[in-house]
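# Observations on the three-dimensional arrangement
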Amino acid sequence: LHPSSSYSEIALLHVLSLTAFTASSRINDTVQLSSRDGNGIQAYADMNGFILGEMLASCELHFGTEHPATASAHNDVGLMHKALGEWEESRSSYHKALRLYAMIVGKDHASYAAALNNLGNLDRAMASASPDDAPDGDDEDGGNDGAKSKPLSALERLQLNESAIDYFEESYDIRRVELGPHHPHTITSRTNLGSALAAVLLQQQASLLAAARQQSSDDTTNNNNETTKSNVLKALSQPSKFTQKRWDEAQRHLREALKAAVENPRGEVANVKAATSIQTAMAKNNNNPKGKDRSKSKKQRRLDAKKQKKQTAAQPSSSSSSLSLPSFSVISSIQTLSAASAAQNLAVFLKLQSQVKSETSKTLTSATTATTTTAATGKTDYNDEYAEAHALYTQALNVRMKLLPQHHPDVLATKFSLAELLDLLGDETSANRFRQEILDVYQVEERDGDGVEEKEQ
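This write-up is about the structure you can find in this document. Not measured: the values here are computed from a predicted model. (Residues numbered from 1 in each chain as written. Predicted model: local features only at pLDDT ≥ 70, side-chain atom pairs only at ≥ 80, totals over all residues. Heavy atoms only, no water.)

## Notes on the nonpolar core
Formed by 51 residues in total, the largest nonpolar core has its most connected members in Leu258, Ile334, Leu346, Phe349, Leu392 and Val399. Those elements that provide at least two residues to this core are helix 6 (154-178), helix 7 (184-217), helix 9 (241-263), helix 14 (337-369), helix 15 (384-403), helix 16 (409-424) and helix 17 (428-442). Residues contacting Leu258, with those up to four places away along its chain left out, are Ile334, Ala339, Ala342, Ala343, Leu346 and Leu392. Judged by nonpolar contacts, the second largest core, of 19 residues, contains Tyr94, Tyr112, Ala115 and Tyr167. (Core = buried A, V, L, I, M, F, W, Y, C linked by side-chain atoms within 4.5 Å. Buried < 20%, exposed > 50% of the residue type's maximum accessible area, 1.4 Å probe, protein only. Helix = DSSP H or I, 4+ residues; strand = E, 2+ residues; numbered from the N terminus. Contact = heavy atoms within 4.5 Å.)

As structure tokens, then:
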């Protein structure tokens, strides 16, 4: 606020801020917790959207169009539109907030960094949205035919992820100076930056793998096809120094964000013990650090090692120290919501990175042996990355379940991620248990015929 602000202005601002926060939070939670058919969301969102609209109008009337409170109101309206998948409306509101903050408090202020962080989150949401998540036109009451927006191309998704990196990087730089490296908002920007870097790399690797599979299935033999196939395989097996640097940078940001959150706990502390199953799994992996398969003979392991050495360059690069499993005490030190979020993001990265490694190795092996690789069955090898991801997910869930309501979107998101990992590792029973807990929160049950039926509240 300006020094000249009266007590009545301050009181009004507090009321408006509380109203905006409540409305935005309720819309976001409702959208994430409701079924995909959107039943009941729009009326609820319209009501809260009206509240936010009134809040914006009140700010402009009382404080003027060029005031931090008005900028904050534009930001809250942007949050609402993003929660509803109204991308362009959200972007417009965020840019209005960004412009006002730049003019009023300057581009080195934490409020300006918050608007940048929100724009980065918007780009990430757009890039990761499935075609079914593409926003509709106006609803039927608005007279629109309801046609879906055109799905984004791979290039457009890549551009959005690159744009998100720029927003997060600038936000992180500002917050690091203004708030300090250990502030929860700084940690958020840093983990967002690491996740955005990883998203670009994973998308590029997925495109290369798809191209390699397409080339392998093409029976046509000519010079152009052979050249294309050779180039694709070379890109997979010999990634550029820039790509290797980005893998390292992504993991470094995610690990340092977790370290800062653990070493500088802020907010409520859960005081939950790490599950003994985590300690057992980590000890098991630490006792076999090289990941030797004892079911194979020494000769076979030597042959496999030579083959693996040739393909080392194909794997996402990481320093040996950064890949070592954290101690059980570090995992058990994840006790705050900030640390749980950082742990969740690192776990997602590790799981996806390990999957990419596995797929790349299979594709290169298939190409070099000129044979078709059969789809893997049974459980995936429980390597260091999966072991760490499992430990991080489990502790993040413990903390979130202690500090948040059981129906909170963050609790459900961690259960969903953990179920995916357990399913990947062949533990279908545990995976289904978490999925059932999610369904229980939604209060849906299967019925004969199509669709699902809601239980009576």
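Continuing now.
## What to know about the side chain of Thr336
Relative to the elements of secondary structure, Thr336 occurs in the loop between helix 13 (328-332) and helix 14. There is a polar contact of 3.2 Å between the side chain of Thr336 and the backbone nitrogen of Ala339. Aside from chain neighbours lying at most four places away, what touches Thr336 is Ala261, Pro265, Arg266, Glu268, Val269 and Val399. (Polar contact = N/O pair within 3.5 Å; in protein donor to acceptor, adjacent residues only side chain to side chain.)

## Considerations on the packing of helix 3 (residues 68-83) against helix 5 (residues 110-128)
Put simply, helix 3 and helix 5 touch, their axes get as near as 11 Å, and they point 15° apart. The angle between the axes of helix 3 and helix 5 places the two elements in the roughly parallel class. Between helix 3 and helix 5 the crossing geometry is left-handed. Packed against helix 3, whose contacting residues are Asn75, Leu79 and Lys82, the element helix 5 presents Ala115, Asn118, Asn121, Leu122 and Ala125 at the interface. Each residue belonging to the contact of helix 3 with helix 5 can be placed in one class, and the counts come to 4 nonpolar, 3 polar and 1 charged. (Axes fitted to C-alpha atoms, helices over the stretch in contact; angles between N-to-C directions. Parallel < 35°, antiparallel > 145°, perpendicular 65-115°, else oblique. Left-handed = near helix turned anticlockwise from the far one by under 90°. Nonpolar A, V, L, I, M, F, W, Y, C, P; charged D, E, K, R; others polar.)

## Some remarks on the environment of Glu437
Looking at where Glu437 falls in the secondary structure, it is placed in helix 17. Residue Glu437 is classed as partly exposed on the basis of its relative accessible area of 24%. With 30 residues separating them in the primary sequence, Glu437 and His407 have C-alpha atoms 9.8 Å apart.

## Thoughts on the packing of helix 5 against helix 6
Relative to each other, helix 5 and helix 6 sit at 155°, their axes nearing to 8 Å. Taken together, helix 5 and helix 6 sit at an angle that is classed as roughly antiparallel. The element helix 5 and its partner helix 6 pack so that their crossing is left-handed. Of the residues that constitute the contact of helix 5 with helix 6, the class distribution is 13 nonpolar, 7 polar and 6 charged.

## Focus: helix 4 (residues 87-104)
Along its 18 residues, helix 4 runs 26 Å from first to last C-alpha, staying within 8% of the 26 Å computed at 1.5 Å per residue. Inspection of helix 4 places Trp87, Ser90, Arg91, Ser93, Tyr94, Ala97, Leu98, Leu100 and Tyr101 among the buried residues, and these make up the whole buried set. Against the buried residues of helix 4 lie helix 3, helix 5 and helix 6. Among the residues trailing helix 4, Gly106 stands out with phi positive, at a value near 95°. (Expected span 1.5 Å × (residues − 1).)

In short, geometric facts, not functional conclusions.
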